[in-house]
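A structural walkthrough
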There are 2 protein chains.
Amino acid sequence: MSIQLPLITDPLLQDEIERNGKIKVFEPGQTIIEPGQYIKMVPIILEGAVKVMRTDEEGHELFLYYIESGETCAVSLTCCSTSDPSDIKAVAEEKTTVIGVPVRKHEEWTNEFRQWKDFVAMTYQKRFQEMLKAIDDIAFKRMDERLLKYLIVKSKQLNTLELTMTHQQIASELGTSREVISRLLKQLEKRKLVELERNRVYVRDNLAGLLEDIDR
Amino acid sequence: MSIQLPLITDPLLQDEIERNGKIKVFEPGQTIIEPGQYIKMVPIILEGAVKVMRTDEEGHELFLYYIESGETCAVSLTCCSTSDPSDIKAVAEEKTTVIGVPVRKHEEWTNEFRQWKDFVAMTYQKRFQEMLKAIDDIAFKRMDERLLKYLIVKSKQLNTLELTMTHQQIASELGTSREVISRLLKQLEKRKLVELERNRVYVRDNLAGLLEDIDR
DNA sequence: AAGCCAATGTGACAAGAGTCACAGACTTTT
DNA sequence: AAAAGTCTGTGACTCTTGTCACATTGGCTT
């Protein structure tokens, strides 16, 4: 099996990754990294998507961003180099195939392969910007806006208008309580932007089109 | 004049930085970078401190973190590589001396000097963690806690218990309104943690000692 | 000293979000 | 079919924060 990463075309580097990486498959919902764990591998997502969240001491969670296929995780890059434990939690959002690269190789390749260096730089850049976006949302937006955006992003992410999840799950990811989400979803339903069923939020297509406005 | 950076001891690299960098001095309060500006230089702080803030479209500000002497700015590192405009605002907090290094040199050194590469990695790592801390504060803490922490961090930062600033300035940095800060400061005064005067907040020493608890 | 302006203090109110309690509705288990 | 468990809907209340209005204070200018 050959590795296909849009940003890595150098056959030598591809070969290196294939020979040194360990492939792992995670089922939807499976936790990949938890806060406090040490990271020994730099994971590159081959297929699927990973949800990255911040958690606080009291168990509150907060969705930060997705890592999609072809991307890697900035936190692991930084944690590795200093061998600090992880600050974040990562959960497979879909069935996800990951290739884990030993830290040592990452350091080697940074010296040897221009493309690897660019890949790493790109990753930092992208994650930084997503963190900034997350901060904007949390600091400056109200929960209804955040919920709306969350639903749209998630439905794009999973490429479906049918989101199978409970209000409680949504609430956790947005760092609020179930009742708040129930109420806000009900409002969205009244505005004909979603349809609600048990364990399911159906994103109506007039909402799905709004992404551009919201994502800026 | 010779450059003193704790993380850069390689004399060859020091020499390179000295020969290729341009030194600039910023007065306290002077804006170094504003959102939308393009960054052509990687700034390394030689002396002083720089305050990094996020801003939204409506002019709200939000303090993210300080860059202190010996450090560089992760945003500029990422912005440079992609020549995107800045997402953030940076203001000199004290009188600050900066040496600006051309982007091209940064790329060169990444290949040539192990120490430069480590320096850059360190920077990313540190900024990432500060962003996460900022997110924690915004998402999970109330304004009174944030204010307390802000005062302590600022007083450590400037190495003084006398903070010369108005309530409005504090409010801006915490992304709230002047009245809220006035009220909360008054509460802190009642709790004997600060003393208030026009244009001045005096951080009492029983408060200053709290940093460890708060910063985790 | 009078006037002015920026900074601060404060009460009153509104909006958003979090919490509690509890009622239904739907599923799964027994 | 009954019971148990999960999920959702909702009213009532509280807390925090934001906003408006206005009074007061301190310091500077003229």
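Residues numbered from 1 in each chain as written. Chains lettered and ligands numbered in written order. Predicted model: local features only at pLDDT ≥ 70, side-chain atom pairs only at ≥ 80, totals over all residues. Heavy atoms only, no water.

**Here we look at the domain arrangement of chain A**
Residue and element names in this part refer to chain A.
- The domain boundaries assigned to chain A delineate domain 1 (11-138) and domain 2 (142-215).
- In this structure, domain 1 and domain 2 have C-alpha centres spaced 26 Å apart.
- At the junction of the two partners, domain 1 supplies 13 residues and domain 2 supplies 11 residues.
- For the pair domain 1 and domain 2, the interface holds 3 salt bridges.
- Inspection of the region where domain 1 meets domain 2 yields 4 residue pairs in polar contact (both at pLDDT 80 or more).
- Among the secondary structure elements, those contributing two or more residues to the side of domain 1 that touches domain 2 are β4 (49-55), β5 (61-68) and α4 (114-140). (Domains from an automatic or database assignment. Contact = heavy atoms within 4.5 Å. Salt bridge = Lys/Arg side-chain N within 4 Å of Asp/Glu carboxyl O. Polar contact = N/O pair within 3.5 Å; in protein donor to acceptor, adjacent residues only side chain to side chain. Helix = DSSP H or I, 4+ residues; strand = E, 2+ residues; numbered from the N terminus.)

**Focus on the confidence of the model for chain A**
- In the predicted model, chain A carries a mean pLDDT of 89, and 92% of its residues have values of at least 70.
- Element-level pLDDT for chain A is lowest in helix α9 (residues 211-215) of chain A, with a mean of 52, against a maximum mean of 97 in helix α7 (residues 178-190) of chain A. (pLDDT = per-residue confidence, 0-100.)

**A word on the interface of chain A and chain B**
- Counting from both sides, the interface comprises 35 residues of chain A and, opposite them, 35 residues of chain B.
- In total, about 3,200 Å² of surface goes out of reach between chain A and chain B, with carbon and sulfur atoms giving 67% of it.
- Taken as a group, Phe128, Ile135 and Phe140 of chain A account for 22% of the area that chain A buries against chain B, more than any other trio of residues on that side.
- Between the two partners, chain A and chain B, sit 4 salt bridges.
- A salt bridge links Arg114 of chain A to Glu107 of chain B; its shortest N-O distance comes to 3.9 Å.
- Elements with a minimum of two residues in the side of chain A that touches chain B: β5, α2 (74-82), α3 (103-112) and α4 of chain A.
- Taken together, the residues that form the side of chain A that touches chain B break down as 15 nonpolar, 7 polar and 13 charged. (Buried area = accessible area lost by both parts, 1.4 Å probe. Nonpolar A, V, L, I, M, F, W, Y, C, P; charged D, E, K, R; others polar.)

**Examining the pairing of strand β9 (residues 194-197) of chain B**
Residues and elements named next belong to chain B.
- Burial of β9 is one-sided: the residues Val194 and Leu196 facing one way are buried, the residues Glu195 and Glu197 facing the other way are not.
- Summarising the sheet, β9 and strand β10 (residues 200-203) pair through 4 bridges and their orientation is antiparallel. Across the sheet, Glu197 pairs through a bridge with Arg200, a residue of β10. (Buried < 20%, exposed > 50% of the residue type's maximum accessible area, 1.4 Å probe, protein only. Pairing = 2+ DSSP bridges.)

**A look at the UniProt feature "domain: HTH crp-type" (unreviewed entry) in chain A**
- Sites flagged by UniProt as "domain: HTH crp-type" (unreviewed entry) map to residues 141-207 of chain A.
- Between the end C-alpha atoms of residues 141-207 of chain A the distance is 18 Å, and the span holds 60% helix and 15% strand. (UniProt positions renumbered as here; feature names shortened; annotations may be inferred.)

**Some remarks on the sheet that holds strand β8 (residues 162-163) of chain B**
Residue and element names in this part refer to chain B.
- Pairing is antiparallel across the open sheet formed by 3 strands, whose spatial order is β8-β10-β9. Both outer strands of the open sheet, β8 and β9, are each paired with one neighbouring strand and no more.
- In this structure, β8 lies alongside β10, joined through 2 bridges in antiparallel fashion. Bridged to Glu162 within β10 is Tyr202.
- Sheet strands touched by helix α7 (residues 178-190): β9 and β10. Its angle to β9, the strand with the most contacts, is close to 130°. (Axes fitted to C-alpha atoms, helices over the stretch in contact; angles between N-to-C directions.)

**Focus: helix α5 (residues 143-158) of chain A**
Residue and element names in this part refer to chain A.
- With 16 residues, α5 ought to run about 22 Å at 1.5 Å a step, and its terminal C-alpha atoms sit 22 Å apart, in line with that.
- Among the residues making up α5, those that are buried are Arg146, Leu147, Leu148, Lys149, Tyr150, Leu151, Ile152, Lys154, Ser155 and Gln157.
- Following α5 by one or two positions, Asn159 adopts a phi angle in the positive range, close to 55°. (Expected span 1.5 Å × (residues − 1).)

**Describing the protein's contact with DNA strand D**
- With respect to spatial proximity, 17 residues lie near DNA strand D, and among them His167 and Arg198 of chain A together with Met143, Thr176 and Arg183 of chain B are the closest.
- Considering the 4 Å shell around the protein, atoms of DNA strand D inside it are sugar or phosphate in 47% of instances.
- A distance of 3.1 Å is found between a phosphate oxygen of DNA strand D and a side-chain nitrogen or oxygen belonging to Lys186 of chain A.
- Between a phosphate oxygen of DNA strand D and a main-chain N or O atom of Asn199 of chain A, the distance comes to 3.0 Å.
- Broken down by secondary-structure element, the contributors of at least two residues to the surface near DNA strand D are α7 of chain A together with α7 of chain B.
- A per-element tally of the surface near DNA strand D places α7 of chain A first, with 4 residues.
- Across the surface near DNA strand D, the residue classes break down as 2 nonpolar, 5 polar and 10 charged. (Near = heavy atom within 4 Å.)

**So, the nonpolar core**
- Residues Ile17, Leu64 and Trp116 of chain A together with Ile17, Leu64 and Trp116 of chain B are the most contacted members of the largest nonpolar core, which totals 81 residues.
- Look past the residues within four positions of Trp116 of chain B in its chain and what remains in contact with it is Ile8, Leu13, Ile17, Ile44, His106, Trp109 and Thr110 of chain B.
- One finds Leu151, Leu163, Ala171 and Leu174 of chain B within the second-largest nonpolar core, a separate group that totals 21 residues. (Core = buried A, V, L, I, M, F, W, Y, C linked by side-chain atoms within 4.5 Å.)

**A word on the relation of the copies chain A and chain B**
- For the pair chain A and chain B, the best superposition has an RMSD of 0.1 Å and corresponds to a rotation of 180° with a translation of 0.0 Å parallel to the axis. A rotation of that kind, with that shift, is consistent with a two-fold axis. (Least-squares fit on C-alpha atoms with pLDDT ≥ 70 in both.)

**So, the protein's contact with DNA strand C**
- Lining the immediate environment of DNA strand C, one finds 17 residues, of which Met143, Thr176 and Arg183 of chain A together with His167 and Arg178 of chain B sit closest.
- In DNA strand C, atoms within 4 Å of the protein come from the sugar-phosphate backbone in 53% of cases.
- With respect to DNA strand C, the side chain of Glu179 of chain A contributes an N or O atom lying 3.3 Å from a base nitrogen.
- Residue Arg198 of chain A places a side-chain N or O atom 3.4 Å away from a base oxygen belonging to DNA strand C.
- Those elements giving two or more residues to the surface near DNA strand C turn out to be α7 of chain A together with α7 of chain B.
- No other element matches the 4 residues that α7 of chain B contributes to the surface near DNA strand C.
- Taken together, the residues of the surface near DNA strand C sort by class into 2 nonpolar, 5 polar and 10 charged.

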